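A structural walkthrough
As a plain string of letters, each chain reads:
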Amino acid sequence: MSRILTLRDALREAMIEEMRRDDTVFLMGEEVAEYNGAYKVSKGMLDEFGPERVIDTPIAELGFAGIGVGAAMNGLRPIVEFMTWNFAVLAFDQIVNNAAKTLTQSAGEYRCPIVFRGPSGAAGQLAQQHSQTFESWMANVPGLKVISCIEPADAKGLLKSAIRDEDPICVMESEIMYGYKGDVPEGDDILVPIGKARIRREGTDVTIVSFNKMILEAEKAADELAKEGISAEVIDLRTIRPLDHQTIVTSVQKTNRLVVVDESWPFAGVSAEIAYEIQKYAFDYLDAPVTRVNSADTSLGYAPTFVEEFLPNASKVIKAVKEVLYKNA
């Protein structure tokens, strides 16, 4: 049995179920309690769990991230919500220099089971300082795991797995997708494994790999391509680190072509890593160079026309697919 839930409700269910299951789990962040969360993800949680487990913090990301890291090292399981990962830049010292390195710096004596979560990526006309995509930033750091998805069932199961994990995990959501709906299985103990991609659509002519809200652009492109007789396989990474290379390699061995759709900037991003891995492990199966569809290599301006031009979209994906199929001539 399943229900239709929004991404917002799925994330809330994950946190509530884990807090009921384990009294060491708690939530902290700006406006998560009295205001029910900036995006209403934590709506009603203060009423059930009280102010000691749903904690409003000052506007001080470095400070409350540090409190979370210390709590995790001392036997608790914090969920630290950032109003946006753009604000989490202020807490990178705690995330990168402390949480990610706790296990190795302590020679295995201490773990840091903490979840940092909040929206990443563009969210309309929010301009340069509030529209950055952080998956590749965090995935570059050894010791961190990175989750990024918008499908409600996947998001719920992955967040539950993240809360139970012994390592620090960054969960990247999407501000404009909190209302996105999907089927979510009933049951309070359904987990999704970290590090396993999902094939959302099977195909034979080309593989399209993406994650977070860009997976919807990939699916739109696949729908349009099907009308022209082009069969696209669509893979949702769901987890950026650890990256499920094998699912992509297996798909490319079948389709012989790969397009990677990534909202982040092109230089040294997730798409670049995937392109490298495929040329290393599936080179003999490629009938065309791996092609990437990224955001423009510049900061995102405010004007709506600039936003449209900046971001990947279905038409850009279709163009890339036709390039690897040599159908543009």
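Computed from a prediction, not measured in an experiment: that's the story for all the values here. Residue positions are given per chain, counted from 1 along the sequence in the order it is written. Per-residue local features are limited, in this predicted model, to residues with pLDDT of at least 70; the limit for side-chain atom pairs, both in listing and counting, is 80 or more; totals at the level of whole chains, interfaces and linings are taken over all residues. Hydrogens and water molecules were not included; the side-chain quantities draw on all heavy atoms of the structure.

1. Overview of the packing of helix 1 (residues 7–21) against helix 8 (residues 152–164)
Applied cut-off: To obtain each axis, a line is fitted to C-alpha atoms, and for helices this fit is confined to the stretch in contact; angles are then taken between N-to-C directions over 0 to 180 degrees. Put simply, DSSP marks the helices as runs of H or I at least four residues long and the strands as runs of E at least two long, and each gets a number from the N terminus on. Roughly parallel means an angle under 35 degrees; roughly antiparallel, over 145; roughly perpendicular, 65 to 115; everything else is oblique. Note on convention: near helix rotated counterclockwise from far helix by under a right angle means a left-handed crossing. Clockwise means right-handed. Only heavy atoms matter for contacts: two residues are in contact if any of them lie within 4.5 Å across the pair. Amino acid classes used here: Ala, Val, Leu, Ile, Met, Phe, Trp, Tyr, Cys and Pro are nonpolar; Asp, Glu, Lys and Arg are charged; the rest, including Gly, are polar.
For the pair helix 1 and helix 8, the least separation of the axes is 8 Å and the interaxial angle reads 30°. On the basis of the axis angle, helix 1 is roughly parallel to helix 8. The chirality of how helix 1 crosses helix 8 is right-handed. Of helix 8, the residues touching helix 1 (which contributes Leu 7, Ala 10, Leu 11, Glu 13, Ala 14, Met 15, Glu 17, Glu 18 and Arg 21) are Pro 152, Ala 155, Lys 156, Leu 159, Lys 160, Ile 163 and Arg 164. Of the residues in the contact of helix 1 with helix 8, the class split is nine nonpolar, no polar and seven charged.

2. Focus: the side chain of Ser 210
Just so we agree on the cut-off: Side-chain atoms alone can form a polar contact between residues adjacent in sequence; in general such a contact is a pair of N or O atoms within 3.5 Å, and within protein one must be able to donate a hydrogen while the other accepts it.
With respect to the helices, strands and loops of the structure, Ser 210 is situated in strand 10 (residues 206–210). Within the structure, Ser 210 has its side chain in polar contact with the backbone oxygen of Val 261 (distance 2.8 Å).

3. Quick look at the sheet that holds strand 5 (residues 115–119)
One key point about sheets: their strands pair by backbone hydrogen bonds, in either a parallel or an antiparallel sense. Spelled out, the test is: We call two strands paired when DSSP finds no fewer than two bridges between them.
The sheet built from seven strands is open, its strands ordered 3-2-4-5-7-6-12 with mixed pairing. Since the sheet does not close on itself, it has two edges, and those belong to strand 3 (54–56) and strand 12 (239–241), each with one partner. In this sheet, adjacent strand axes meet at a mean angle of 20° when their direction is disregarded. Across five bridges, the pairing between strand 5 and strand 7 (residues 169–173) is parallel. Note on strand 7: the bridge partner recorded for Arg 117 is Val 171. The sheet contacts of helix 1 involve strand 2 (25–29), strand 3, strand 4 (77–81), strand 5 and strand 7, and relative to strand 2 the element is tilted by about 135°.

4. Here we look at the sheet that holds strand 10
Pairing is mixed in the open sheet, where five strands are placed in the order 9-11-10-13-14. Across the chains shown, the open sheet's two edge strands, defined by having one partner strand only, are strand 9 (198–201) and strand 14 (291–294). Within this sheet the neighbouring strands show an average axis-to-axis angle of 25°, counted without direction. Inspection of the sheet shows strand 9 paired to strand 11 (residues 232–236) by three bridges, in the antiparallel sense. Its bridge partner lying in strand 11, Arg 201 is registered against Val 234. Where helix 10 (residues 245–255) meets the sheet, its contacts fall on strand 9, strand 10, strand 11 and strand 13 (258–262), and the angle it forms with strand 11 comes to roughly 175°. This element, helix 13 (residues 314–324), spans strand 10, strand 13 and strand 14 of the sheet and lies at about 170° to strand 14.

5. Here we look at helix 1
To keep it simple, the criterion reads: Residue count minus one, scaled by 1.5 Å, sets the expected span of a helix. Accessibility here uses a 1.4 Å probe with only protein chains present; expressed as a share of the type maximum, an area under 20% marks a residue as buried, one over 50% as exposed, and anything in between as partly exposed.
Taking 1.5 Å as the rise per residue, helix 1 with 15 residues should run 21 Å; its terminal C-alpha atoms sit 21 Å apart, in good agreement. Along helix 1, the positions that sit buried rather than exposed are Leu 7, Ala 10, Leu 11, Arg 12, Ala 14, Met 15, Ile 16, Glu 17, Glu 18 and Met 19.

6. Notes on the packing of helix 10 against helix 11 (residues 270–281)
Closest axis-to-axis distance for the helix 10/helix 11 pair is 10 Å, and the angle between their directions is 60°. On the basis of the axis angle, helix 10 is oblique to helix 11. The two elements helix 10 and helix 11 cross, and the hand of that crossing is right-handed. On helix 11, the residues that touch His 245, Ile 248, Val 249 and Val 252 of helix 10 are Glu 273, Ile 274, Glu 277, Ile 278 and Tyr 281. Considered class by class, the residues forming the contact of helix 10 with helix 11 number six nonpolar, one polar and two charged.

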